[in-house]
Amino acid sequence: MLFRMLRPAIFSLDSESAHRLGISALKVSPIRARATEGKTAIEVAGLRFPNPVGVAAGFDKDAEVPDQLLGLGFGFTEVGSITPLPQAGNLKPRLFRLVEDKAVINRMGFNNGGGAAALARLKKRSEQPGIVGINIGANKDSDDRIADYAAMARMMTPYASYLAVNVSSPNTPGLRALQDEGALTELIDAVIAARAETGAGLEMLPPIFLKVAPDLMADDVDAIARIALDKKLGALIVSNTTISRPTLRSHHAGEAGGLSGAPLRELALQRVRDFRKATGGAIPLVGVGGIGSAEHAWERIRAGASLVQLYSAMVYEGPGLGAQIARGLERLMRRDGFSSIAEAVGTE
């Protein structure tokens, strides 16, 4: 209700200023109790999620408010993308609301304060409960992007519930080329080795999740699935924003960048189905892209996702959406006769 009252004022600001205002508000808000484990709890990659609804990377780029987000009722949150060195990202304006389409276009370009600054924040909250994944990336001007990912894995392993390797942003030139089978194999090997370097004394090494693009051909899906199985990845995050452009009504439709929100829903849903088939259900999937209701989340779970993530829908529905969806999933689970989320995964 509060968000609905404030939304006209929020929408009077440009998109990036509104986002920064939201982060600032969360930073000064009291930290609420995290979501408790209920009937929608699920285990994925050795981690016990109190519910399957998480915050996608891109919202909390610099790990400023992970505990505040968990306090909103999310089962987990993913910070980043974080790169070794600070970088300003692309020129502004670079974030656009497509209100008529309930969508967002961004060409942020991995803007963040760098690994050292994020690490300092993560160290301070390292004794706090809750699942916080760390999404890692490479600097735009890096001479060796694979080395950047390895450096980030080495740095973040002791503080990550899981490491998310992001090779699917369309806003860093050449980054998606790392989804090529040979380059991706080399990259994952480097991240695995780096994780082992600093994770030797940990009770459990953080699993590696790989975030992929929705704009993949069938051969790409098969190749990524083979690598995920061979390297025993913890999960595939399906998917990032799309460079495709379905029919859109907003005057921002022609802006360059990645499209997210409602128009991405069907494409992202189909990619979950594709990866479920390609992996034979042997690798957990995280469904993201266009999820704006419990029904959307349930559809993604029935298609093969064990977890789901939100971001763009919160722009339009507010920060309480995660808890709302988590409650709705419990209702839908009971309606369809399932005793757990895990039992429903892939039963479409």
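Rules used throughout
Along every chain, residues carry numbers that run from 1 in the direction the sequence is written. Local features in a predicted model are, by the rule used here, given only for residues with pLDDT of at least 70; side-chain atom pairs are given and counted only at 80 or more, and totals for whole chains, interfaces and linings are based on all residues. In computing side-chain properties, one takes all heavy atoms of the structure into account and sets aside hydrogens as well as water. A run of H or I in DSSP counts as a helix once it spans at least four residues, and a run of E counts as a strand once it spans at least two, with each numbered from the N terminus. A 1.4 Å probe rolled over the protein chains alone gives each residue an accessible area, and that area as a share of the maximum for its type sets the label: buried under 20%, exposed over 50%, partly exposed in between. For Phe, Tyr and Trp, rings pair up if their centres lie within 6.5 Å, where Trp contributes its six-membered ring, and each pair is then called stacked (planes under 30 degrees apart), edge-to-face (over 60) or tilted (otherwise). In this scheme, Lys NZ or Arg CZ marks a charge over a ring once it lies within 6 Å of the ring centre and within 35 degrees of the ring normal. Put simply, buried Ala, Val, Leu, Ile, Met, Phe, Trp, Tyr and Cys residues joined by side-chain atoms within 4.5 Å make one nonpolar core. Any two residues having at least one pair of non-hydrogen atoms within 4.5 Å are treated as being in contact. Salt bridges are identified by distance alone: a Lys or Arg side-chain nitrogen within 4 Å of an Asp or Glu carboxyl oxygen.

Engineer: Looking at this structure, I do not really get unusual backbone geometry. What am I missing?
Structural biologist: For residues besides glycine, phi is generally negative; the peptide bonds are generally trans as well. The peptide bond linking G80 to S81 adopts the cis configuration, its omega dihedral lying at 10°. Mapped onto the fold, S81 is located in strand β4 (residues 76-82). Residue K92 is joined to P93 through a cis peptide bond whose omega torsion reads -5°. With respect to the helices and strands, the residue P93 is situated in the loop between β4 and β5 (95-98). Phi is positive for A45, close to 55°, though the residue is something other than glycine. Here A45 lies in the loop between β1 (42-44) and β2 (47-49). Classification of A45 as partly exposed rests on a relative accessible area of 26%. Of note, F110 is a non-glycine position whose phi angle comes to about 55°, a positive value. Its location among the elements puts F110 in the loop between β6 (103-106) and α4 (115-124). Taking the relative accessible area as the measure of exposure, F110 reaches 5% and is therefore buried.

Engineer: What is the right way to read the packing of aromatic side chains from this model?
Structural biologist: Two descriptors summarise a pair of aromatic rings, namely the distance from one centre to the other and the angle between the planes of the rings. What the rule picks out here adds up to six aromatic pairs. Between Y162 and F209, the ring centres sit 4.1 Å apart and the planes meet at 15°, which makes this aromatic pair stacked. Residue Y162 is found in strand β8 (residues 162-166), and its partner F209 is found in strand β9 (residues 208-212); the two are separated by 47 residues along the sequence. Among the residues examined, Y162 registers a relative accessible area of 0% and is labelled buried. For F209, a relative accessible area of 1% corresponds to the buried category. Aromatic pair W298 and F338: ring centres 5.9 Å apart, planes at 65°, arrangement edge-to-face. With W298 in helix α9 (residues 294-303) and F338 in the loop between α11 (321-335) and α12 (341-344), the pair connects residues that are 40 residues apart, well separated along the chain. Taken individually, W298 and F338 each receive the classification buried, so the pair is uniform in this respect. Ring pairing ties together the aromatic residues F49, F76, Y162 and F209, which thus form one cluster. Positioned over the ring face of F11 is R97, at 4.4 Å from the centre of the ring.

Engineer: Any chance you could explain the nonpolar core here in plain terms?
Structural biologist: In terms of nonpolar packing, the biggest core is built from 48 residues, with Y149, M156, V165, L187, L210, L236 and F275 touching the most fellow members. Among all residues touching L236, those that are not within four sequence positions of it are L210, I224, A228, F275, T279, I283, P284, L285 and V286.

Engineer: For this particular structure, what's the right way to read the pattern of salt bridges?
Structural biologist: It is possible for side chains of opposite charge to pair when their charged atoms get near one another. A full pass over the atoms with the stated rule returns 19 salt bridges. The salt bridge partner of E64 is R20, with a shortest N-O separation of 3.0 Å. Linking E64 in the loop between β3 (53-55) and α3 (66-70) with R20 in helix α2 (residues 15-28), this pair joins segments that are 44 residues apart in sequence. Salt bridges linked by common partners bring R20, K27 and E64 together as one network.

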